[in-house]
Amino acid sequence: CPDFMGVHYDGYCNNCRTNCIQCSISLTCSSSNYSCKKCKPGTYLFREDCVTKCPIFHRHNNDTWTCDRCGQEECEECEPGINICTKCTYDYYLYPQPGECLKRCPNGTRMNSQDRICDDCLIADCEQCTIKKEDCTTCIVGKYLTPNNTCLDDCPERYRKEESNRKCMPCTDR
């Protein structure tokens with residue numbers, strides 16, 4: 001059969017569904033079976049049918065013109081042609097570099113619950129920050145959180161290093 005037509009069980013050519021170039025059609029009195037094998041350029045093969053946009057949990061494969069499953073199970077949307085996640089399912093946060101879905105954001109980032117993404121903390125050497133990216137709560141090992149919200153090797157005058165929480169605490173005169 002020519003393009004856009006499929007062979008019926010009785011040998012006749014019948015029209016394929018919209019956007020399908022090659023298909024197979026099997027119609028009987030009691031059932032019908034339709035299967036697209038190749039889609040028109042600009043559409044993608046998904047479960048034996050042609051779609052203009054791949055559904056969630058799938059990505060556009062521009063080499064094969066198919067909808068392929070995103071590599072990570074928690075990934076709701078991923079980049080076309082490559083396996084980099086761009087949106088995660090409800091219980092996960094997107095860590096943009098390298099495009100992964102995580103339950104907890106790594107050190108140096110914060111969980112942005114509104115956008116479901118791991119945002120970088122804005123304070124140098126900050127291990128954990130609050131909802132406001134410029135408010136550090138814990139510095140990396142070897143650095144101490146100062147009263148003016150920076151992470152430094154040493155505490156300013158009249159402050160001492162508190163090793164247990166890596167903070168600069170006021171000195172107390174006795």
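Our structure's up above, just so we're on the same page.
Residues numbered from 1 in each chain as written. Predicted model: local features only at pLDDT ≥ 70, side-chain atom pairs only at ≥ 80, totals over all residues. Heavy atoms only, no water.

**Quick word on the overall build of the protein chain**
Check the secondary structure of the protein chain and you find zero helices and 20 strands. Buried positions account for 33% of the 174 residues belonging to the protein chain. Put simply, the protein chain shows about 11,300 Å² of open surface, and 48% of that area lies on carbon and sulfur atoms. (Helix = DSSP H or I, 4+ residues; strand = E, 2+ residues; numbered from the N terminus. Buried < 20%, exposed > 50% of the residue type's maximum accessible area, 1.4 Å probe, protein only. Areas by Shrake-Rupley, 256 points an atom, 1.4 Å probe, with all protein chains shown as cover.)

**Section: the state of the cysteines**
Enumeration over the complete set of coordinates arrives at 11 disulfides. At a sulfur-sulfur separation of 2.3 Å, the disulfide partner of Cys-126 is Cys-136. Between Cys-126 and Cys-136, the S-S torsion sits near 105°, and that sign places the bridge as right-handed. Placement of Cys-126 in strand E15 (residues 126-129) and of Cys-136 in strand E16 (residues 136-139) is noted, with a sequence separation of 10 residues between them. (Disulfide = S-S within 2.5 Å.)

**What about the pattern of salt bridges?**
Within the structure shown, the criterion is met by 10 salt bridges. Where Asp-153 meets Lys-143, a salt bridge forms, and the shortest distance between an N and an O atom there is 2.8 Å. Of the two residues, Asp-153 sits in the loop between strand E18 (151-152) and strand E19 (159-162) while Lys-143 sits in the loop between E16 and strand E17 (144-145), which places them 10 residues apart along the sequence. A relative accessible area of 44% means that Asp-153 is categorised as partly exposed. Asp-154 serves as the salt-bridge partner of Lys-161, at 3.1 Å between the closest nitrogen and oxygen. You can call Lys-161 partly exposed: its relative accessible area is 36%. Each of Asp-125, Lys-143 and Asp-153 takes part in one network of salt bridges that share partners. (Salt bridge = Lys/Arg side-chain N within 4 Å of Asp/Glu carboxyl O.)

**Observations regarding unusual backbone geometry**
A cis geometry characterises the amide bond from Gln-97 onward to Pro-98, with omega recorded as 20°. The phi dihedral of Trp-65 falls on the positive side, at around 55°, and the residue is not glycine. With respect to the helices and strands, Trp-65 occurs in the loop between strand E7 (58-61) and strand E8 (66-69).

**Considerations on the layout of surface pockets**
Taken as a whole, the largest pocket spans an internal volume of roughly 150 Å³. If you go around the largest pocket, you meet 11 residues; those closest to its centre are Lys-53, Cys-54, His-58, His-60 and Glu-77. Residue assignment for the lining of the largest pocket shows that the elements contributing at least two residues are E7 and strand E9 (75-78). Tallied by class, the residues present in the lining of the largest pocket amount to five nonpolar, two polar and four charged. (1 Å grid on protein atoms, 1.4 Å probe; cavity = no way out; pocket = protein on both sides within 12 Å on 5 of 7 lines; lining within 4 Å. Points joined across faces, edges and corners; volume = space filled by probe spheres on them. Nonpolar A, V, L, I, M, F, W, Y, C, P; charged D, E, K, R; others polar.)

**What to know about the nonpolar core**
Counting nine residues, the largest nonpolar core consists of Cys-16, Cys-20, Cys-23, Ile-25, Tyr-34, Cys-36, Cys-39, Leu-45 and Cys-50. With residues near it in sequence (within four places) discarded, Cys-36 still touches Cys-20, Gln-22, Cys-23, Leu-45, Glu-48, Asp-49 and Cys-50. (Core = buried A, V, L, I, M, F, W, Y, C linked by side-chain atoms within 4.5 Å. Contact = heavy atoms within 4.5 Å.)

**Let's talk about the environment of Cys-54**
Looking at the secondary structure, you find Cys-54 in the loop between strand E6 (49-51) and E7. Of the residues examined, Cys-54 reaches a relative accessible area of 8% and is grouped as buried. Considered as a pair, Cys-54 and Cys-67 are 13 residues apart in the sequence and their alpha carbons are 5.6 Å apart. With residues up to four places along the chain from it excluded, the contact list for Cys-54 reads Tyr-44, Arg-59, His-60, Thr-66 and Cys-67.

**Quick word on the pairing of E7**
On a regular strand, each side chain points to the face opposite its neighbour's, so the side chains alternate between the two faces of the sheet. The side-chain alternation of E7 yields two buried faces, one formed by His-58 and His-60 and the other by Arg-59 and Asn-61. Here E7 pairs with E8 via four bridges, running antiparallel. Following the sheet pairing, Asn-61 is matched in E8 by Thr-66. Hairpin geometry of E7 and E8 is characterised by an intervening segment of four residues between the two adjacent antiparallel strands and by a positive phi of about 55° at Trp-65. (Pairing = 2+ DSSP bridges.)

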